[in-house]
Amino acid sequence: MSKTRAKVAAKRPPRISILLFLFTVIIWVMLWGEVTFANVLSGILVATLLNLAMPIPPSSALDINFGGMVRLFGSWTIDFVKASISVAWLAIRRDDPPPTAIIKVPMRTNNDISLTTAMALINLQPGGIIVDIDKRKKTLTMHLLDASSTGKVAEQINQLTRIERRVIRAFENRDVHEQPTKPGSGEEQPSSAKSGEQGETSSEKRGERSSR
């Protein structure tokens, strides 16, 4: 956006987005888990209050793409069905529960609304949950339910990056082609080992002092 357009946009009053209004209602109903008259009515009330209390600033980086929003919800629904089947199979099978994992995945959104939307849609998917976010580094920390293989972990990472890419296309009207870096897998050293090393270091220092 040029400086001239930014100045003109800054003079405009905040606006209410119909698409975001509908999106808020849909997310509200999805959070309740079923489509009922009461849930839809309460969603409309919540969306109205949010739009009146926090309208979109005129200089917002949002650039709504209606076609991208349709594709976002379509692909999200398909992913939701697949993830639900996978989690259901983990619950009913006779094998031991699979190992879990904590991963870090970089995000590529440009504004808080896109980031919040992506986080909400990711958390609504079965099989994983966001446990922390670093807004400065734009990195999500996620807990994965099934980390039985590198293929399973990669599949879930691809799923959440696909959601993020669809959100960026729907709310920022731009395409993201580059893939995020691999999730962090650093392991902390046990506290007992650390204390042992400190004890050895202190004993060595005492030995050096006594020899002197």
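Residues numbered from 1 in each chain as written. Predicted model: local features only at pLDDT ≥ 70, side-chain atom pairs only at ≥ 80, totals over all residues. Heavy atoms only, no water.

As recorded by an unreviewed UniProt entry, the protein carries the name Na+/H+ antiporter subunit E and is attributed to Corynebacterium amycolatum. UniProt's Sequence similarities (unreviewed entry) comment on the protein is quoted here verbatim: "Belongs to the CPA3 antiporters (TC 2.A.63) subunit E family." Checking UniProt for the protein, the heading Subcellular location (unreviewed entry) contains the comment "Cell membrane". (UniProt positions renumbered as here; feature names shortened; annotations may be inferred.)

Peer 1: Looking at this model, I keep getting lost on the packing of helix H2 (residues 18–32) against helix H3 (residues 37–53). Mind explaining?
Peer 2: A pair of packed helices can be characterised by two numbers: the angle between their axes and the separation between those axes. At a minimum axis distance of 8 Å, the contact between H2 and H3 shows a crossing angle of 135°. When the axis of H2 is compared with that of H3, the two are oblique. Every pair of crossing elements has a handedness; the one defined by H2 and H3 is right-handed. Two secondary-structure elements touch here, H2 through Phe21, Thr24, Val25, Trp28, Val29 and Trp32 and H3 through Asn39, Val40, Ser42, Gly43, Ile44, Val46, Ala47, Thr48, Leu50 and Asn51. Here the contact of H2 with H3 is built from residues that sort into 10 nonpolar, 6 polar and no charged. (Axes fitted to C-alpha atoms, helices over the stretch in contact; angles between N-to-C directions. Helix = DSSP H or I, 4+ residues; strand = E, 2+ residues; numbered from the N terminus. Parallel < 35°, antiparallel > 145°, perpendicular 65-115°, else oblique. Left-handed = near helix turned anticlockwise from the far one by under 90°. Contact = heavy atoms within 4.5 Å. Nonpolar A, V, L, I, M, F, W, Y, C, P; charged D, E, K, R; others polar.)

Peer 1: What am I meant to see in the side chain of Gln156 here?
Peer 2: Tracing the backbone shows Gln156 in helix H6 (residues 150–171). Assessed through its relative accessible area of 15%, Gln156 is described here as buried. (Buried < 20%, exposed > 50% of the residue type's maximum accessible area, 1.4 Å probe, protein only.)

Peer 1: Any chance you could explain the nonpolar core here in plain terms?
Peer 2: It is characteristic of soluble globular proteins that their nonpolar side chains tend to be buried jointly. Counting 28 residues, the largest nonpolar core has Ile103, Leu121, Ile122, Met142, Val167 and Phe171 as the members making the most contacts within it. With 7 residues, H6 is the largest single contributor of residues to this core. Setting aside anything within four residues of it in sequence, one finds Leu121 in contact with Ile27, Leu72, Trp76, Ile163 and Val167. (Core = buried A, V, L, I, M, F, W, Y, C linked by side-chain atoms within 4.5 Å.)

Peer 1: What am I meant to see in a nonpolar patch on the surface here?
Peer 2: Where nonpolar side chains cluster on the molecular surface, the patch consists of Phe80, Val81 and Ile85 and spans about 260 Å² of accessible area. As for its position among the elements, Ile85 is in helix H4 (residues 66–92). Of the residues examined, Ile85 reaches a relative accessible area of 56% and is grouped as exposed. (Patch = residues over 30% accessible without salt bridge, like charges linked within 9 Å, V, L, I, M, F, W, Y side chains within 5 Å. Areas by Shrake-Rupley, 256 points an atom, 1.4 Å probe, with all protein chains shown as cover. Salt bridge = Lys/Arg side-chain N within 4 Å of Asp/Glu carboxyl O.)

Peer 1: Could you clarify how one ought to interpret the pattern of salt bridges in this entry?
Peer 2: Should the charged atoms of two oppositely charged side chains come close, the side chains can pair. Under the counting rule described, the total for this entry stands at 5 salt bridges. The partner of Asp175 in a salt bridge is Arg169, and the shortest N-O contact between them spans 3.5 Å. Between Arg174 and Glu172 there is a salt bridge, with its nearest N and O atoms 2.7 Å apart.

Peer 1: Please clarify how the pairing of strand S2 (residues 128–134) should be interpreted in this entry.
Peer 2: Look at any regular strand and the pattern is simple: side chains alternate between the two faces of the sheet. Looking at chain direction, S2 and strand S3 (residues 139–144) are connected through 6 bridges and run antiparallel. Looking across to S3, one finds that Ile130 is bridged to Met142. What sits between S2 and S3 in their antiparallel hairpin is a turn of 4 residues, with Lys138 showing a positive phi close to 55°. (Pairing = 2+ DSSP bridges.)

Peer 1: Can you walk me through the side chain of Glu164 in this structure?
Peer 2: Relative to the helices and strands, Glu164 resides in helix H6. Within the structure, Glu164 has its side chain in polar contact with the backbone nitrogen of Arg108 (distance 2.3 Å). Other than its neighbours up to four places away in sequence, Glu164 contacts Pro106, Met107, Arg108 and Thr109. (Polar contact = N/O pair within 3.5 Å; in protein donor to acceptor, adjacent residues only side chain to side chain.)

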